[in-house]
Every structure is written in C-alpha cells, then in structure tokens.
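Now for the letters of each chain:
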Amino acid sequence: QVQLVESGGGLVQAGGSLRLSCAPSEGTFSSSHMGWFRQPPGKEREFVAAISWPGSATDYADSVKGRFTISRDNAKNTVYLQMNSLKPEDTAVYYCARNPTGWGRRRFDFEYDYWGQGTQVTVSS
C-alpha cells in the first residue's frame, strides 16, 4: 500500500513562511490529482488546496488564497505547499492525500484514498 510522507512542518512566527513537501514511500503520483488538507486543534479536517495531474489546474480554500501555493514536481515525484504570510489560525496538522477520481470533487476528503501521517504547523502570534 502506498504511503505518503509529509515534511517541512514546524513552529513559525506570524507573517513567516514554511514549505511543506509530500512524496510517496513507493511508486509515483502519476495520473493522480493531489490535495492538502488540515485539521486545526479541536476542529474537523478541512480542504486547503489541490492540484491536478499533471499540474495545469489548482484550487484553494478562500482562507488561504493569495498566501499559499500548491505545486508539483513530477520528475521528483513530490508535491509542495508553499505557505506565506502565515497566521495563528493556520495552526493545524497538515495532510497530503491522493485523489484518484475526478477533479470535480477535489474538495471532499472522502474522494482521497491515500493519506500521509500529517505534519504539525504551529504559528505563534
């Protein structure tokens, strides 16, 4: 079974930046749309961003639009989430996931089959 591995989380001050990375433990992302979700403390998991295969389309939650950028390097088999102008409300565990189905349902977490273990992002005020 494919496992996704996230990295790049940490503690940052408000206004700072972090870049998260996601890669599979084996295999490739070939032909798969990919997404990032997050779960703030005490809240439900929510959609953050998605990128199509091979990368021509992207989508963002309103709360991160203009601050976060999702991208993918298919040669390196890696998906990234560049997070700028971070706010305390961005504090959450961030997960990457694979969407094997259609792009149209990219914001629904039940459309994703493989998930990473999550990486903690903490933004201090």
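The following paragraphs examine the structure supplied in this document. For clarity, every value in this text was computed on a predicted model and none was experimentally measured. (Residues numbered from 1 in each chain as written. Predicted model: local features only at pLDDT ≥ 70, side-chain atom pairs only at ≥ 80, totals over all residues. Heavy atoms only, no water.)

Some details on the sheet that holds strand 7 (residues 68-73)
Okay, so step 1: Spatial strand order, 1-3-8-7: four strands in an open sheet with antiparallel pairing. Each edge of the open sheet carries a strand with a single partner, namely strand 1 (4-7) and strand 7. Averaged over all neighbouring strand pairs, the angle between strand axes comes to 15 degrees, with direction disregarded.
Okay, so step 2: Direction of pairing for strand 7 relative to strand 8 (residues 78-83): antiparallel, over a ladder of six bridges. Of the residues in strand 8, the one forming a bridge with Arg72 is Val79. (Pairing = 2+ DSSP bridges. Helix = DSSP H or I, 4+ residues; strand = E, 2+ residues; numbered from the N terminus. Axes fitted to C-alpha atoms, helices over the stretch in contact; angles between N-to-C directions.)

Quick look at the environment of Gly16
Okay, so step 1: Its location among the elements puts Gly16 in the loop between strand 2 (10-13) and strand 3 (18-24).
Okay, so step 2: As a C-alpha pair, Gly16 and Ser85 span 69 residues in sequence and 5.5 Å in three-dimensional space.
Okay, so step 3: If we ignore the near neighbours within four places in the chain, the residues touching Gly16 are Met83, Asn84, Ser85 and Leu86. (Contact = heavy atoms within 4.5 Å.)

Comments concerning the pairing of strand 3
Okay, so step 1: With five of its seven residues buried, strand 3 lies for the most part within the structure.
Okay, so step 2: Across four bridges, the pairing between strand 1 and strand 3 is antiparallel. Of the residues in strand 3, the one forming a bridge with Val5 is Ala23.
Okay, so step 3: With five bridges joining them, strand 3 and strand 8 adopt antiparallel strand pairing. Residue pairing across strands places Leu18 opposite Met83, the latter belonging to strand 8. (Buried < 20%, exposed > 50% of the residue type's maximum accessible area, 1.4 Å probe, protein only.)

Things to note about the packing of aromatic side chains
Okay, so step 1: By the definition in use, this model includes six aromatic pairs.
Okay, so step 2: Ring plane angle 75 degrees and centroid distance 6.4 Å describe the contact between Tyr95 and Trp115, whose orientation is recorded as edge-to-face. Separated by 20 residues along the polypeptide, Tyr95 in strand 9 (residues 92-99) and Trp115 in strand 10 (residues 114-115) bring together distant segments of the chain.
Okay, so step 3: Residue class for Trp115 comes out partly exposed when judged on its relative accessible area of 22%.
Okay, so step 4: Three or more aromatic residues joined by ring pairs form one cluster here, namely Phe37, Phe47, Tyr95, Tyr112 and Trp115. (Phe/Tyr/Trp six-rings, centres within 6.5 Å; stacked < 30°, edge-to-face > 60°.)

As for the state of the cysteines
Okay, so step 1: With the rule as written, the count across this model stands at one disulfide.
Okay, so step 2: A sulfur-sulfur distance of 1.9 Å marks the disulfide that ties Cys22 to Cys96. Here the S-S torsion is close to 55 degrees, and the disulfide linking Cys22 with Cys96 is therefore right-handed. Of the two residues, Cys22 is situated in strand 3 and Cys96 in strand 9; the sequence distance between them amounts to 74 residues. (Disulfide = S-S within 2.5 Å.)

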